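Residue-level structural notes
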Amino acid sequence: MSQTTFDYDYVIIGSGFGGSVSALRLAEKGYKVLVIEKGKWFAQEADFPKTNWNLRKWMWLPSLGLQGMLKLSIYKHVTVLSGVGVGGGSIVYANTLPIPKQAFFKTGSWQHLADWEQELKPFYQTALKMLGASQHPYMSRSDESMKQLAVELGKPEAFERPDVAVYFGKSEETVADPYFDGKGPDRTGCKQCGGCMLGCRYNAKNTLDKNYLHLAQQLGCEIKAETEVYDVIPLNEDGSAGYTIKFKDALRYFGKKGSLTTRSVLFAGGVLGTLPLLLKLKKTSLPRLSDQLGRGVRTNSESLIGVTTFDDVSYAEGIAIGSIVHIDENRHVEPVKYSEGSGFWRILMAPMVQGKTVLGRIFNMFKEVAIHPRANLKAFFVDDWSKRTQILLYMESIDSTLRMKRRSWGGLKTALDQGAAPTAFNPIAQSIAKKIEKINNGKAMVLANETILGSPTTAHILGGACMGSDATQGVIDADNRVFNYQNMLICDGSAISANPGVNPSLSITAITERAMSKIGDSR
């Protein structure tokens, strides 16, 4: 079957870092582009929650009427936090834009495909410029704690203030676009409220709707929100004749459905958007997809530990992450915060213990409470959990992978792939938490799923549609093109093919910038 006219040249499924970069660069090349996003627009201050107790505006679970921007997904081996909405993860991420260390470029299934460190260098610079990266100029209380931690580790030089995607300017002062020669929206100086991960209500955070997507729309790119793609059907065997895209209302079970045609399709829904869709379609519409689909899923080897102080001070001031301490070449720790009054996570916290079995950990949890009742009760029943708590985000670039599979009823499940299973009991992370307990005069606690189930929590789920030399080694090639299909690409976190050990947003942006540079102009 051949078709000479299409509704669009490119349909992009997802509007996170990969989808937004693709939208702008393809629109600049003269293509007719549609971005389909299952989440909502968050454009006005009233669209965002003031605190994370407003579950309707914060959490994403539309079947229960929750239409916010944070999705919580629990699997056997890991619990995942991810962003949903126009702008994807940029709405809820903590703004940091680090370039990974050398190991990222020389490991994983992509290592032999290019000299990635050199290949991506100019695209990292483009990404930093587009995202408005600047060094965090302030020192909050949590940053001072991290500076003291570096001293106590004997590495004062390991403390660093990172590049972040925030417009600082003059606090609460609105100015004309400071980034794109007047083509971007007005911006307002950051007020250091700590609310970055609830979606910035004050127009200071450089989310994707304020750069890539904003500029793409000026060039005619269309964005269709609150819409979920459920089928991608090639018009011939390999898609060289184009595709039919079928979609439905993402917020209503019995909502409207529709379809359109496109010459090319680009998947950019993130690991938890792209993988479920492609694993389903591999059994139906897209059977030629590589058998490597779902393999090579990574968690950034993270640990999240909250240290709640007993002192009458605030750890909520500043930006979500304002500093980093580099423990060694493979490991670092960052202080994370929420704005005052945003203490939802308190109800899911439990004592930080270890143990090889569920029963052993539960026993140790009650033992910890019995031995230190006052400290545990004070930490749990503190007046304002987010104000008094410094969350430690520990990451390491040591590699191990999971595999995601499709359940018979349609959901996802995890299985071990290569290396050891992710663990919630990283001894280095817990030793750092003990040091911060002393520095902050507080008590360390973790999410209950970690204590009871033994599985870690990550905000940086990656991989599953990795690069390879052919379809027996990966799902996509070095230019993000899907093996065995024409006019099909994957540009999101699922394409990350090694463990970056840092926030991956900048790397997803840079890799997608490179992929778009390989596509010629529209004729």
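Keep in mind that what you see is a predicted model, and the values were worked out from it rather than measured.

Comments concerning the overall build of the protein chain
Check the secondary structure of the protein chain and you find 13 helices and 25 strands. For the protein chain, the C-alpha radius of gyration of 22 Å lies close to 24 Å, the compact-globule estimate for 523 residues. Classification of the 523 residues of the protein chain by burial places 59% in the buried group. Considering only contacts within the protein chain whose residues lie at least 6 apart along the sequence, 72% involve residues at least 24 apart. Just so you have it, the protein chain exposes about 20900 Å², and 51% of that area is on carbon and sulfur atoms. Separation of charge centres in the protein chain, based on 61 positive and 51 negative side chains, amounts to 6 Å.

A few points about the sheet that holds strand β19 (residues 349-351)
Strand order in the open sheet formed by 7 strands is β8-β17-β18-β20-β16-β23-β19, and the pairing between neighbours is antiparallel. The open sheet has two free edges, formed respectively by β8 (159-160) and β19, since each of these has just one partner strand. The pairing of strand β16 (residues 303-309) with strand β23 (residues 442-447) spans 4 bridges and is antiparallel. From the neighbouring strand, Thr308 faces β23, where its bridge partner is Lys443. Each of β8, β17 (324-328), β18 (331-336) and β20 (389-396) is contacted by helix α5 (residues 141-152), which is oriented at about 155° to β18, the strand it contacts most.

Structural notes on the state of the cysteines
Per the counting criterion, the structure on display carries 0 disulfides. Free cysteine: Cys466, not disulfide-bonded; nearest cysteine sulfur from Cys491 at 14 Å. We classify Cys466 as buried; its relative accessible area is 8%. On the basis of relative accessibility, which here comes to 0%, the residue Cys491 falls in the buried class.

Considerations on the nonpolar core
By size, the foremost hydrophobic cluster in this structure holds 89 residues, and its most contacted members are Trp110, Val232, Ile245, Phe267, Leu286 and Met488. With residues up to four places along the chain from it excluded, the contact list for Phe267 reads Ile13, Val232, Thr274, Leu277, Leu278, Leu286, Met488, Leu489, Ile490, Cys491 and Asp492.

Observations concerning the sheet that holds strand β24 (residues 457-458)
Taken together, 3 strands build an open sheet; the order of strands is β5-β6-β24 and the sheet is mixed. In the strand order of this sheet, the two ends are held by β5 (70-74) and β24, each with one partner. With 5 bridges connecting them, β5 and strand β6 (residues 79-83) associate as antiparallel partners. Bridge pairing in β6 links Ser73 to Val80.

Quick look at a nonpolar patch on the surface
Nonpolar side chains collect at one region of the surface, where Trp53, Ile347 and Leu348 lie side by side and expose about 280 Å² of accessible area between them. Tracing the sequence through the fold places Trp53 in the loop between β2 (33-36) and α2 (55-58).

Structural notes on the environment of Thr126
Residue placement: Thr126 occurs in helix α4 (residues 116-130). Along the backbone, Thr126 and Thr207 are 81 residues apart, and their C-alpha atoms lie at a distance of 16 Å. When neighbours within four sequence positions are excluded, Thr126 is seen to be in contact with Arg25, Tyr212 and Glu513.

With respect to the pattern of salt bridges
Throughout the structure, instances matching the rule amount to 18 salt bridges. Residue Glu513 is joined to Arg25 by a salt bridge in which the shortest nitrogen-to-oxygen separation is 2.9 Å. Residue Glu513 is located in helix α13 (residues 505-517), and its partner Arg25 is located in helix α1 (residues 17-28); the two are separated by 488 residues in the primary sequence. The salt bridge partner of Lys210 is Asp209, with a shortest N-O separation of 3.7 Å. As far as burial versus exposure is concerned, Lys210 and Asp209 are alike and both buried.

What to know about the side chain of Ser455
Looking at the element boundaries, Ser455 is found in the loop between α12 (448-453) and β24. Classification of Ser455 as buried rests on a relative accessible area of 2%. Residues contacting Ser455, with those up to four places away along its chain left out, are Tyr75, Lys76, His77, Val78, Thr79, Ala424, Asn449 and Glu450.

As for the packing of α5 against helix α11 (residues 427-440)
At their nearest, the axes of α5 and α11 sit 10 Å apart, and the two run at 120° to each other. Accordingly, the angle class assigned to the pair α5 and α11 is oblique. α11 is crossed by α5, and the crossing has right-handed handedness. Contacts between α5 and α11 involve Ser145, Met146, Gln148, Leu149 and Glu152 from the first element and Ile432, Lys435, Ile436, Ile439 and Asn440 from the second.

As for the packing of aromatic side chains
Two descriptors summarise a pair of aromatic rings, namely the distance from one centre to the other and the angle between the planes of the rings. The tally for this structure, following the rule as stated, stands at 16 aromatic pairs. For the ring pair Phe104 and Phe105, a centre distance of 5.1 Å and an interplane angle of 65° mean the geometry is edge-to-face. By relative accessible area, Phe104 is classed as buried at 1%. Judged by relative accessible area, which is 4%, Phe105 ranks as buried. Plain terms: the ring middles of Tyr253 and Phe254 are 4.9 Å apart, the flat faces sit at 85° to each other, and that makes the pair edge-to-face. Overall, the relative accessible area of 76% leaves Tyr253 in the exposed class. Residue class for Phe254 comes out exposed when judged on its relative accessible area of 79%. Chaining the aromatic ring pairs together yields one cluster made of Phe104, Phe105, Trp110, Trp116 and Tyr124. Here Lys32 stacks its cationic end above the ring of Tyr8, 5.0 Å away from the centre of that ring. The ring of Tyr485 has Arg288 lying over it, and the distance from NZ or CZ to the ring centre is 5.8 Å.

Analysis parameters
Residues numbered from 1 in each chain as written. Predicted model: local features only at pLDDT ≥ 70, side-chain atom pairs only at ≥ 80, totals over all residues. Heavy atoms only, no water. Helix = DSSP H or I, 4+ residues; strand = E, 2+ residues; numbered from the N terminus. Rg over C-alpha atoms; globule rule 2.2 N^0.38 Å. Buried < 20%, exposed > 50% of the residue type's maximum accessible area, 1.4 Å probe, protein only. Contact = heavy atoms within 4.5 Å. Areas by Shrake-Rupley, 256 points an atom, 1.4 Å probe, with all protein chains shown as cover. Lys, Arg positive; Asp, Glu negative; His and termini not counted. Charge placed at Lys NZ, Arg CZ, Asp CG, Glu CD. Pairing = 2+ DSSP bridges. Axes fitted to C-alpha atoms, helices over the stretch in contact; angles between N-to-C directions. Disulfide = S-S within 2.5 Å. Core = buried A, V, L, I, M, F, W, Y, C linked by side-chain atoms within 4.5 Å. Patch = residues over 30% accessible without salt bridge, like charges linked within 9 Å, V, L, I, M, F, W, Y side chains within 5 Å. Salt bridge = Lys/Arg side-chain N within 4 Å of Asp/Glu carboxyl O. Parallel < 35°, antiparallel > 145°, perpendicular 65-115°, else oblique. Left-handed = near helix turned anticlockwise from the far one by under 90°. Phe/Tyr/Trp six-rings, centres within 6.5 Å; stacked < 30°, edge-to-face > 60°. Lys NZ or Arg CZ within 6 Å of the ring centre and 35° of its normal.

Purely geometric numbers; function is a separate question.
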